[in-house]
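A structural walkthrough
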Amino acid sequence: MRTVVVVARPQDLDAHRLPLEILTTVGPAARLGDVELRTTTTASGSAFGREVRPLGLATGGVRRTVQRAASAVRGDRSRVLAAFADPAEFPPGERPASRPERTHYLALVADAEWPEDVAPANRAPLEVEGVATAGQRLRELASSRAGGRWKTLRGWIRRSPARLDEVLDGDEWPLLLDALGRDGVSFDLGDWRADAAWLATHERRDAALGLCEVARRTGAVGVGSIEHRVVEELVRVARAGAADTGTEALAHELSAAADTALDDGDAAHAVRLFALLLHLLFQRDLHVVSESSPLVERPDAWTAPLRTSAVRRRIIAADLRARPDAADATGGAQGLVFLAGSYPRFGVPVVRALTAAGLDPHVVDPGDEDAALRGISVDEGLLRVLAGVDPVPDSWPWLDAVRGAAAVFVEWADRAAPFAVAAASTDARVVLRVHSVDLLSAWLHLVDVDRVDELVVVSDAMVDVVVGVLGADVRPKVRVVPNVVAADQMARPKLPGAERTLAMVGWAQTVKDPLWAVEVLALLRAEDPAWRLLLVGADFPRTRVESDARYALAVRRRLLRPDVRDAVELTGWTSDVAGVLARAGYVLSTSRRESASLAVVEGMASGAVPVVRDWPVYARVDAARRALDARWVVSTPAEAAARVLAASQRLEEESRAAREWVASQAYAEDPADRYARLVRGEAE
């Protein structure tokens, strides 16, 4: 058996991957990989990493070309299954109501052998004269397999967002949703709420709304239900990049609905609604990549729906100190266990410091044992475990290490943090260190801070933020311990050219805002074209988050403009940051949000002059000026350029001042010694 897909051009296949996969499950082919790809013309090429071979047909209008293609590839038992056409190619009066942007056609020709579960109506040949819009034909052919297709897509949503992205390209996704929502189609919608929330918060907004509509059509949710309204609000907030009083009112309503479900004995439904509440309150667009955050601007009002939540209280009360089977897998206290966290590189200097202090930490990485534990985004499955709806997985030996520890150091308030705190023994000391992005995430609010002995932040301003989001009761537990900086490793002689070179370390994220740094460079080059910029670290990762992709494209386009072209060097990832910093006389921090900016402190330790943006998200708590010297902080690229030009007149003096600040002012007391005392419980 074979299936042949015929298109006018190889690139036409890319626009149709989703309907092709659906249509080939209706016919004999089970996967796109079983399909032969051909073009009607002499053009050859590739699609999906596979060869597309030409048929070399003379064109003569859609119908004639499709008929010729069918004759060229069909056997005795094959037929045309579908043809998608551009309406401009039809004679007047015969044009289908196709979308005008569809400027190509696709004919799928397949073997006539059919699986038994395919409806007889779908086995009949489809005449070329009856060709209609792609959506209509897809609905006719895909319905019998839509449920299975949706199950596959839901699996990708859960396990592999990158794989899901491949099938969400183009405008085919709403067609599948429409097929799923037709009367008579039987399929298990599953937990559409979590899927819709995932889609909305990952900028698949039309798909999220489409899924809501499918849920409504199939009776999974009523018109105007709170779940539907929450997803609509997620989409609205994502598009606007801001919340309003309506968002807060809906959050209160959702919190109350979750508590009602809990009172009614439906803990699973309560957790589903609570997960939506967390999606609503902790949207990435509101906190992670924006220039302001309601968690910083109005923390009391924004977190009020959480503080009153009975579901949250149940989650925080989780007690995981004993194994479910009551087995003693710990063998007694095992000293210090260090959770590496979702971003392990930040904890490496702390582990070294604790090791140097003789504490011999046992490092565990929960994310290595279960990828679901890595990250800070909302995960309903983990919430179900914390709420006691589902059991703790047997595949978490790291939790046994925590249960048997005399002390637990939790690096990052990420997905694993609530589990670690809930599993630590009553006698164990628990130290939790938070940074910046996790201060603005949901998981910090699911940690029982009463079980935490020391809550560590890296700068004074972060004390205000953590007290704002968690409440004044946590203040006695909060300690400020600066980042551990290997200043001596950074101190190398500056190389020739450093006096006209800026550096930005760890640049390729939207939140780091490298466009700001490029504008500073452009202003400096207007004065002297000798100025250069080093962007140190890996380039932007491939992403399907629309806002991040747009920002990365904007950066690349800006770098090609004449005023900065050939003056910016992308170093790529390097293990020798000190070597790169030796080439720079100035280090920039242009971020929208930082807790203390380790990169700037390391640059200063190298002798680079700091130029620091007044980090907008934390401007309300004056984070930049409190973490560093106020004279280094600027508000605009113009002020930054002026700061650089002024420092260039006394570069040696400014460089020495930066080194001295690192050595004496910020780090007069060894952070390594402070961490050791916190773990041991010695007086501050």
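For the structure, see preceding data.
On a predicted model such as this, the values are computed, not experimentally measured, just so you know.

Definitions and cut-offs
Residues numbered from 1 in each chain as written. Predicted model: local features only at pLDDT ≥ 70, side-chain atom pairs only at ≥ 80, totals over all residues. Heavy atoms only, no water. Pairing = 2+ DSSP bridges. Helix = DSSP H or I, 4+ residues; strand = E, 2+ residues; numbered from the N terminus. Axes fitted to C-alpha atoms, helices over the stretch in contact; angles between N-to-C directions. Contact = heavy atoms within 4.5 Å. Buried < 20%, exposed > 50% of the residue type's maximum accessible area, 1.4 Å probe, protein only. Right-handed = clockwise from strand over helix to strand, strands pointing away. Expected span 1.5 Å × (residues − 1). Arc of directions from axis to C-beta. Core = buried A, V, L, I, M, F, W, Y, C linked by side-chain atoms within 4.5 Å. Phe/Tyr/Trp six-rings, centres within 6.5 Å; stacked < 30°, edge-to-face > 60°. Parallel < 35°, antiparallel > 145°, perpendicular 65-115°, else oblique. Nonpolar A, V, L, I, M, F, W, Y, C, P; charged D, E, K, R; others polar.

Some remarks on the sheet that holds strand β12 (residues 478-480)
In spatial order, the strands read β8-β7-β9-β10-β11-β12; together these 6 strands make up an open sheet with parallel pairing. Only two strands of the sheet have a single neighbouring strand rather than two, namely β8 (362-364) and β12. Averaged over all neighbouring strand pairs, the angle between strand axes comes to 20 degrees, with direction disregarded. Two elements, strand β7 (residues 336-339) and β8, share 3 bridges in a ladder whose sense is parallel. Note that in β8 the partner of Leu339 across the bridge is Val364. Contacting β7, β8, β9 (407-411) and β10 (429-433), helix α16 (residues 348-356) runs over the sheet at an angle of about 170 degrees to β7.

What to know about the pairing of β10
With respect to burial, β10 is a largely interior element, 5 of its 5 residues being buried. Of the two faces of β10, the one carrying Arg429, Val431 and Arg433 and the one carrying Val430 and Leu432 are both buried. Judged from the 5 bridges that link them, β9 and β10 form a sheet pairing that is parallel. By the bridge assignment, Phe409 is partnered in β10 with Val431. A crossover connection joins β9 to the parallel β10 through helix α20 (residues 417-423); in handedness this β-α-β unit is right-handed. Here β10 runs beside strand β11 (residues 454-457); their pairing, made up of 3 bridges, is parallel. Pairing of Arg433 across the sheet is with Val456, part of β11.

Describing the side chain of Ser597
Along the chain, Ser597 falls in the loop between β16 (586-589) and α26 (598-605). Setting aside residues up to four positions removed in sequence, Ser597 forms contacts with Ser589 and Trp615.

Some thoughts on the sheet that holds strand β13 (residues 501-505)
Strand order in this open sheet of 6 strands is β15-β14-β13-β16-β17-β18, and the pairing throughout is parallel. Two strands close off the open sheet at either side, each with one partner strand: β15 (568-572) and β18 (633-634). Bridge count for β16 against strand β17 (residues 609-613) is 4 bridges, and the pairing is parallel. When the sheet's bridge partners are listed, Tyr586 is paired in β17 with Val609. Lying on the sheet, helix α23 (residues 514-527) is in contact with β13, β14 (532-536), β15, β16, β17 and β18; it crosses β13 at an angle near 180 degrees. Its contacts with the sheet place helix α28 (residues 637-648) against β13, β16, β17 and β18, and it is angled at close to 165 degrees to β17.

Overview of the environment of Val612
Considering the arrangement of structural elements, one finds Val612 in strand β17. Of the residues examined, Val612 reaches a relative accessible area of 0% and is grouped as buried. Aside from chain neighbours lying at most four places away, what touches Val612 is Ser589, Val600, Ala624, Leu628, Trp632, Val633 and Val634.

So, α28
Counted at 1.5 Å a residue, the expected span for α28 with its 12 residues is 16 Å, and the 16 Å between its end C-alpha atoms agrees. Of all the residues in α28, the buried ones are Pro637, Ala640, Ala641, Arg643, Val644, Ala647 and Ser648. Summarising the axial view, the buried residues of α28 lie within an arc of 160 degrees, below the 170-degree limit, and thus occupy one face.

A short note on the nonpolar core
Formed by 123 residues in total, the largest nonpolar core has its most connected members in Leu339, Leu383, Trp398, Phe419, Tyr618 and Leu628. The greatest single-element share of this core, amounting to 11 residues, is contributed by helix α11 (residues 267-281). For Tyr618, the residues in contact, after removing those within four places along its chain, are Val296, Ser436, Leu439, Leu440, Met462, Val465, Arg593, Glu594 and Ala623. Of all hydrophobic cores here, the second largest spans 31 residues; its members include Trp507, Leu533, Leu535 and Val609.

Side note on the packing of aromatic side chains
Throughout the structure, instances matching the rule amount to 10 aromatic pairs. Taken together, the ring pairs in this structure connect Phe338, Phe409 and Tyr675 into an aromatic cluster.

A closer look at the packing of α16 against helix α30 (residues 671-680)
Contact pair α16 / α30: the axes reach a minimum separation of 9 Å and the direction vectors enclose 75 degrees. What the angle tells us is that α16 and α30 run roughly perpendicular. Contacts between α16 and α30 involve Val350, Ala353 and Leu354 from the first element and Ala672, Tyr675, Ala676 and Val679 from the second. Its residues assigned to classes, the contact of α16 with α30 shows 7 nonpolar, no polar and no charged.

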